[in-house]
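Now for the letters of each chain:
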Amino acid sequence: MPELPEVETVCAALRALLLERRVIRIETSGVPLRRPVQLAGLRESCGGRRVAAVRRRGKYIVVEFAGGCGLLLHLGMSGSFRVEGEDLPARSHDHLIFHLDRRQRWVFNDPRRFGLAEPVHIEVPGADPAELAGLGPEPLGPAFDGGYLFDVSRVRNTPVKNLLLDQGVVAGIGNIYASEALFRAGISPRRRAGRLRRAECTALAQAIREVLRDAIACGGTTIRDFHALDGREGEFAVCLRVYGKTGEPCPRCGPTARIRRLTQAGRSTYYCPHCQR
DNA sequence: ATATTCCCCTGGAAGC
DNA sequence: TGCTTCCAGGGGAATA
């Protein structure tokens, strides 16, 4: 569920709440997330240490402690965090509890358990852990532009929508923003990636940056259950132009064209067959 | 090697 | 009301 803008929103809130805080003790529900939780490793990596940095890479969050110790987090489809007083009641699907100083706790809650929380090594302060080496560039960073997209797409026969979902090509785009970016760029999601012209790649890269920036400014998109640490929902849902809008008039073409849904690589894609070519 | 399909899980909405 | 079916913002393993 959470894509780059949602993870960015969560990450900024975590940074504000956790920086310089000390992890006193760690507990788990004992239930595996995407993989079994390595409680001993987490205690070694985080236990007794102060949070030195919190940053995002693609859809991952990296929490850095002193001494090269790190914590790699991923929200999966349904993960969420909260930081609250120790006296409040636990909730269903609380799978990781980091007890902090000042009688607070930091909780990772994840009903579907597709999330991830693992100890990692940080070689140099600010560096990515080796586990993230396969990620493509940040779409809002300097390495991502139309030229890059053109180059990496040449040898790919997959539909461009699938290419955008490949985290090794570009990190952080998910199902919502892939559809939204293709709509903004006027490119059909079914187009073979390798057949895109250079100008189309430029338009698409620009559309990706725009939609992600707009969504971050709105605190992300809440379709169902995404919420930030303060409980607020992402306001970008009202700005969606095609995602989830099957049968509605196209915002660009008007009532003469209706938004359609199709399935690509097992995921829903939304697009206007009239203005996306 | 690349590209789909399937699977992991829970919960909410929609259909009957 | 209750049951069944479908669907979901992710990613990785197993298949073609």
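### Things to note about the nonpolar core
Then comes step 1: Ile61 and Ala181 are the most contacted members of the largest nonpolar core, which totals 70 residues.
Then comes step 2: Taken domain by domain, this core gets at least three of its residues from each of domain 1 (4–132) and domain 2 (146–271).
Then comes step 3: Aside from chain neighbours lying at most four places away, what touches Ile61 is Val7, Cys11, Leu14, Val54, Arg56 and Leu73.

### Focus: helix α5 (residues 175–185)
Then comes step 1: Summarising burial for α5: ten of the eleven residues are buried, a large majority.
Then comes step 2: Of the residues making up α5, those classed as buried are Ile176, Tyr177, Ala178, Ser179, Glu180, Ala181, Leu182, Phe183, Arg184 and Ala185.
Then comes step 3: One or two steps after α5, the chain reaches Gly186, where phi turns positive at roughly 70 degrees.

### Points about the sheet that holds strand β2 (residues 51–57)
Then comes step 1: If you trace the four strands from one edge of the open sheet to the other, you get β2-β3-β4-β8, paired in antiparallel fashion. Unpaired on one side and paired on the other, β2 and β8 (116–121) mark the two borders of the sheet. Going from strand to strand, the sheet's axes swing by 20 degrees on average, the running direction of each strand aside.
Then comes step 2: Looking at chain direction, strand β4 (residues 69–74) and β8 are connected through six bridges and run antiparallel. Residue pairing for β8: Leu72 is matched across the bridge by Glu118.

### Looking at the environment of Gly41
Then comes step 1: Inspection of the secondary structure assignment puts Gly41 in helix α2 (residues 39–46).
Then comes step 2: When the 13 C-beta atoms within 10 Å are taken as the criterion, Gly41 is described as partly exposed.
Then comes step 3: Note: C-alpha distance between Gly41 and Pro119 (78 residues apart in sequence) is 6.0 Å.

### What about unusual backbone geometry?
Then comes step 1: At Arg103, a position not held by glycine, the phi torsion is positive, near 55 degrees.
Then comes step 2: With respect to the helices and strands, the residue Arg103 is situated in the loop between β6 (94–100) and β7 (104–109).
Then comes step 3: On the neighbour-count criterion, Arg103 (10 C-beta atoms within 10 Å) is exposed.

### Re the domain arrangement of chain A
Then comes step 1: Per the domain assignment, the segments making up chain A are domain 1 (4–132) and domain 2 (146–271).
Then comes step 2: Spacing between the C-alpha centres of domain 1 and domain 2 amounts to 29 Å.
Then comes step 3: Contacts between the two partners involve 17 residues from domain 1 and, on the opposite side, 18 residues from domain 2.
Then comes step 4: Taken together, the elements giving at least two residues each to the side of domain 1 that touches domain 2 come down to α1 (4–18) and β5 (80–85).
Then comes step 5: In terms of residue count, α1 provides more of the side of domain 1 that touches domain 2 than any other element does, nine residues in total.
Then comes step 6: Grouping the amino acids of the side of domain 1 that touches domain 2 by side-chain chemistry returns eight nonpolar, four polar and five charged.

### Regarding the packing of α5 against helix α6 (residues 198–217)
Then comes step 1: α6 packs onto α5 with a crossing angle of 125 degrees between their chain directions and a minimal axis gap of 8 Å. Judged by the angle between their axes, α5 and α6 are oblique. Considering the relative orientation of α5 and α6, their crossing is right-handed. When α5 is examined against α6, the residues Tyr177, Glu180, Ala181, Arg184 and Ala185 are found in contact with a partner set consisting of Ala203, Leu204, Ala207, Ile208, Glu210, Val211, Leu212 and Ala215.
Then comes step 2: Here the residues of the contact of α5 with α6 are counted per class, giving ten nonpolar, no polar and three charged.

### Brief notes about the sheet that holds β7
Then comes step 1: Spatially, β1-β6-β7-β5 is the arrangement adopted by the four strands of the open sheet, whose pairing is antiparallel. Only two strands of the sheet have a single partner each, and these edge strands are β1 (23–28) and β5. The sheet shows a mean angle of 20 degrees between the axes of neighbouring strands, direction not considered.
Then comes step 2: As paired elements, β6 and β7 share five bridges and run antiparallel to each other. Pairing of Ile97 across the sheet is with Val107, part of β7.
Then comes step 3: Those strands touched by α2 are β1 and β6, and its axis lies near 170 degrees from that of β1.

Analysis parameters
- Residues numbered from 1 in each chain as written.
- Chains lettered and ligands numbered in written order.
- Predicted model: local features only at pLDDT ≥ 70, side-chain atom pairs only at ≥ 80, totals over all residues.
- Core = buried A, V, L, I, M, F, W, Y, C linked by C-beta atoms within 7 Å.
- Buried ≥ 20, exposed ≤ 12 C-beta atoms within 10 Å, placed from the backbone.
- Domains from an automatic or database assignment.
- Contact = placed C-beta atoms within 7 Å.
- Helix = DSSP H or I, 4+ residues; strand = E, 2+ residues; numbered from the N terminus.
- Pairing = 2+ DSSP bridges.
- Axes fitted to C-alpha atoms, helices over the stretch in contact; angles between N-to-C directions.
- Nonpolar A, V, L, I, M, F, W, Y, C, P; charged D, E, K, R; others polar.
- Parallel < 35°, antiparallel > 145°, perpendicular 65-115°, else oblique.
- Left-handed = near helix turned anticlockwise from the far one by under 90°.

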